[in-house]
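The chain contents come next:
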Amino acid sequence: MPLPTLVPRDRVFFDLFNQAGQNTLRAAKLLQQMLSNWPDESGLARDILLAEQEGDRITHDLVQRVNTTFVTPIDGEDIYALATQIDDIVDYTEETADFLGLYKIEAPMEQAVEMAAVLVASCEQLAAALANLRGFKDLEQHWIEIHRLENDGDRLYRDAVASLFANGIDPMIVIRWKDLFAVLERAIDATETAAHILEGIVIKNA
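The structure displayed is predicted, hence computed values, not measured ones. (Residues numbered from 1 in each chain as written. Predicted model: local features only at pLDDT ≥ 70, side-chain atom pairs only at ≥ 80, totals over all residues. Heavy atoms only, no water.)

Trainee: I keep staring at the overall build of the protein and nothing clicks. Help me out?
Mentor: Within the protein, the secondary structure is distributed over six helices and zero strands. Counting from the amino terminus, helix and strand elements in the protein follow one another as α-α-α-α-α-α. By principal-axis analysis of the C-alpha atoms, the protein measures approximately 80 × 30 × 20 Å. Per-residue burial over the protein gives 46% buried out of 206 residues. Of all intrachain contacts in the protein linking residues separated by at least 6 positions in sequence, the fraction that spans at least 24 positions is 85%. When the accessible surface of the protein is totalled, it reaches about 10400 Å², and 52% of it is carbon and sulfur. Between the mean site of the 17 positive side-chain charges and the mean site of the 35 negative ones, the protein shows a separation of 5 Å. (Helix = DSSP H or I, 4+ residues; strand = E, 2+ residues; numbered from the N terminus. Buried < 20%, exposed > 50% of the residue type's maximum accessible area, 1.4 Å probe, protein only. Contact = heavy atoms within 4.5 Å. Areas by Shrake-Rupley, 256 points an atom, 1.4 Å probe, with all protein chains shown as cover. Lys, Arg positive; Asp, Glu negative; His and termini not counted. Charge placed at Lys NZ, Arg CZ, Asp CG, Glu CD.)

The following block contains the structure:
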C-alpha cells in the first residue's frame with residue numbers, strides 16, 4: 001500500500017485572493033467616481049467603507065486559514081504578506097475618501113482624479129493577476145504594467161504637490177490637499193508592493 005502524500009488540499013486560498021482583488025478594484029473605482037463628481041457623490045464614502053470592512057474580513061479569513069492549515073498551496077509567510085498588502089490598498093483608498101469629507105474639500109483637483117485613474121488601472125492589473133494566481137503562470141505582464149503605472153503615479157504626485165505651491169493657494173488648502181495626495185500615492189505604491197510579492201511567489205512556485 002503506497003504511503004499517503006501531503007497534497008495542498010485547501011484551494012480556498014486562491015478564491016479568497018480573487019475576492020480580495022475584486023474588492024480592491026471595486027473600492028478604487030468607487031473612489032474614482034467619488035473624486036470625479038465631488039461633492040455630488042459624497043455618499044459613496046459609505047460604500048467605500050463597506051469595501052474596507054469586506055477587505056478586513058477577507059484578510060482575517062486568509063490569516064486564519066494559514067494558522068489552521070497544515071499544508072498551504074503558497075508559503076504561509078507569502079500569503080500573510082500579500083493579504084496584508086492588498087488590505088493596505090483598500091485602507092488607503094478608504095482613508096482618501098474619508099479625507100474628502102473631514103477636510104471639507106469643496107471641489108476635486110484634476111491631479112487627484114488622474115491619480116485615482118492610475119489606482120484603478122493598477123488594481124485592474126492586480127485583480128487580474130490574483131484571479132489567475134492558481135496556475136502561477138502568465139502573470140508577468142500584470143506586475144510589469146503595475147510598475148509602469150506606479151511611475152505614472154509618482155509623476156502625478158510630484159506635479160500635484162508642485163501645483164499647490166505654485167499658484168498662491170491658501171496654506172490651509174495646501175495642507176489638506178498635500179495630505180490627500182500623499183494617501184493616494186501610498187495606495188498606488190501599495191499595489192506595486194503587492195506586485196513585488198506576487199513576483200516572488202511566482203518565482204518560488206515556478
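Trainee: Where do I start with the packing of aromatic side chains in this structure?
Mentor: What characterises a pair of aromatic rings is the spacing of the ring centres plus the angle enclosed by the ring planes. With the rule as written, the count across this model stands at three aromatic pairs. Considering the side-chain rings of W177 and F181, the 5.3 Å spacing of their centres and the 35° angle between planes classify their relative orientation as tilted. Taken as a pair, W177 and F181 lie in helix α6 (residues 171-205) at a separation of four residues, close to a single helical turn. Judged by relative accessible area, which is 0%, F181 ranks as buried. (Phe/Tyr/Trp six-rings, centres within 6.5 Å; stacked < 30°, edge-to-face > 60°.)

Trainee: Hey, could you run me through the environment of E192 in this one?
Mentor: Assignment of secondary structure puts E192 in helix α6. Residue E192 is classed as buried on the basis of its relative accessible area of 17%. A sequence separation of 20 residues divides E192 from M172, and the C-alpha atoms of the two residues are 31 Å apart. If near-sequence neighbours (up to four positions away) are discounted, E192 is found in contact with I146, H147 and E150. Here H147 takes part through its side chain, which lies 3.1 Å from a polar atom of the side chain of E192. (Polar contact = N/O pair within 3.5 Å; in protein donor to acceptor, adjacent residues only side chain to side chain.)

Trainee: Would you mind showing me how to read the environment of G76 here?
Mentor: Here G76 shows up in helix α3 (residues 76-102). For G76, a relative accessible area of 21% corresponds to the partly exposed category. Between the C-alpha atoms of G76 and V63, which are 13 residues apart in sequence, the distance is 8.7 Å.

Trainee: I would appreciate a short explanation of the pattern of salt bridges in the present structure.
Mentor: Where charged atoms of side chains with opposite charge meet at close range, the side chains can pair. For the structure shown, the criterion picks out seven salt bridges. Through salt bridges that share partners, E54, R57 and D61 make up one connected network. (Salt bridge = Lys/Arg side-chain N within 4 Å of Asp/Glu carboxyl O.)

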